[in-house]
Amino acid sequence: MLKITPTALPEVLIVEPRVFGDARGFFTESWNEQRFNEATGNTLRFVQDNHSRSVRGVLRGLHYQLPPHAQGKLVRCVAGAVFDVAVDLRKSSPNFGKWVGAELTADNQRQMWIPPGFAHGFVVLSETADFLYKTTDYYAPQAEGCVRWDDPAIGIQWPDFGGAPTLAEKDAKAPLLADARYFD
């Protein structure tokens, strides 16, 4: 059984799998295609799993891929804690340029579904974090896009993580939303 909670951007979903725990630890089914599709009304096929490990203050994003390689992502944090963000980049959407964020932790075991048409990023809040995500299309560098994490037109309210973020060069040089490639 999955608990699905729409966010302020209704296509972006918080997914909470059922967790069975006792003094020995816990068990959860982290992915079940049939249950997910029934609960969300989607028909998804994931083709790639990714795993990143980062230290406190690393900010990754805001990343996306354009058609014909647009990716949906189901993301979760399996060690530590992150603040995860999705930004609507669909120009035709009434929510274009708006964002939602949620804390994903190893303890709360929440996941976030970020459909194609949205940029994604996260910042690490714990000493380290292991972050896993499933994607609906393969990585395609020619389709890759990036928007600045601190674009004032988007106005993401990143949590205080104890200093300035540590960024990859491509993220530090990412264009503002007004200058980025986005979805029709």
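Located above this text is the structure these notes cover.
Rules and cut-offs
Residues numbered from 1 in each chain as written. Predicted model: local features only at pLDDT ≥ 70, side-chain atom pairs only at ≥ 80, totals over all residues. Heavy atoms only, no water. Pairing = 2+ DSSP bridges. Helix = DSSP H or I, 4+ residues; strand = E, 2+ residues; numbered from the N terminus. Axes fitted to C-alpha atoms, helices over the stretch in contact; angles between N-to-C directions. Core = buried A, V, L, I, M, F, W, Y, C linked by side-chain atoms within 4.5 Å. Buried < 20%, exposed > 50% of the residue type's maximum accessible area, 1.4 Å probe, protein only. Contact = heavy atoms within 4.5 Å. Phe/Tyr/Trp six-rings, centres within 6.5 Å; stacked < 30°, edge-to-face > 60°.

1. Here we look at the sheet that holds strand β10 (residues 111–114)
Reasoning step 1: Taken in spatial order, the six strands of this open sheet run β1-β2-β10-β7-β12-β5, and their pairing is antiparallel. The open sheet has two edge strands with one neighbour each: β1 (2–6) and β5 (48–55). For this sheet, the mean inter-axis angle between neighbouring strands, taken without regard to orientation, is 25 degrees.
Reasoning step 2: Both strand β7 (residues 73–79) and strand β12 (residues 128–135) contribute to a ladder of six bridges, which runs antiparallel.

2. Quick look at the sheet that holds strand β9 (residues 99–105)
Reasoning step 1: If you walk across this open sheet you meet the five strands as β9-β8-β11-β6-β13, and the pairing is antiparallel. Edge positions in the open sheet fall to β9 and β13 (144–146), since each of these has one partner strand only. Neighbour to neighbour, the strand axes of the sheet diverge by 25 degrees on average, direction disregarded.
Reasoning step 2: Summarising the sheet, strand β8 (residues 81–88) and β9 pair through seven bridges and their orientation is antiparallel.

3. Examining the environment of Pro-67
Reasoning step 1: Its location among the elements puts Pro-67 in the loop between β6 (59–65) and β7.
Reasoning step 2: Distance in space between the C-alpha atoms of Pro-67 and Gly-117 is 8.9 Å, their sequence separation being 50 residues.

4. Things to note about the nonpolar core
For soluble globular proteins, nonpolar side chains are generally found buried alongside one another.
Reasoning step 1: In this structure, Leu-62, Tyr-64, Val-87, Leu-89, Val-147 and Trp-158 are the most contacted members of the largest nonpolar core, which totals 22 residues.
Reasoning step 2: Put simply, the parts of the chain that give this core at least two residues each are β6, β8 and β11 (118–124).
Reasoning step 3: The element that contributes the greatest number of residues to this core is β8, accounting for four residues.
Reasoning step 4: When near neighbours in sequence (up to four residues on either side) are disregarded, Val-147 contacts Gly-61, Leu-62, Tyr-64, Leu-89, Ile-154, Ala-174, Pro-175, Leu-176, Leu-177 and Ala-180.

5. What about the environment of Ala-129?
Reasoning step 1: Checked against the element boundaries, Ala-129 lands in strand β12.
Reasoning step 2: Exposure remark for Ala-129: the relative accessible area of 2% places this residue in the buried category.
Reasoning step 3: Sequence-wise, Ala-129 and Trp-31 are 98 residues apart; in three dimensions their C-alpha atoms are separated by 20 Å.
Reasoning step 4: Residues contacting Ala-129, with those up to four places away along its chain left out, are Ser-52, Arg-53, Ser-54, Cys-77, Ala-79, Gly-80, Ala-81, Val-82 and Val-124.

6. Considerations on the packing of aromatic side chains
Reasoning step 1: Across all of its chains, the model carries nine aromatic pairs by this definition.
Reasoning step 2: Look at Phe-83 and Trp-99: their rings are 6.5 Å apart centre to centre, the planes differ by 70 degrees, and that puts the pair in the edge-to-face class. Taken together, the positions of Phe-83 in strand β8 and Trp-99 in strand β9 put the pair 16 residues apart, joining distant regions of the chain.
Reasoning step 3: A residue is classified by how much of its surface remains accessible, and Trp-99, at 24% relative accessible area, is partly exposed.

It is worth stressing that arrangement in space is one thing and function is another; only the former is reported here.
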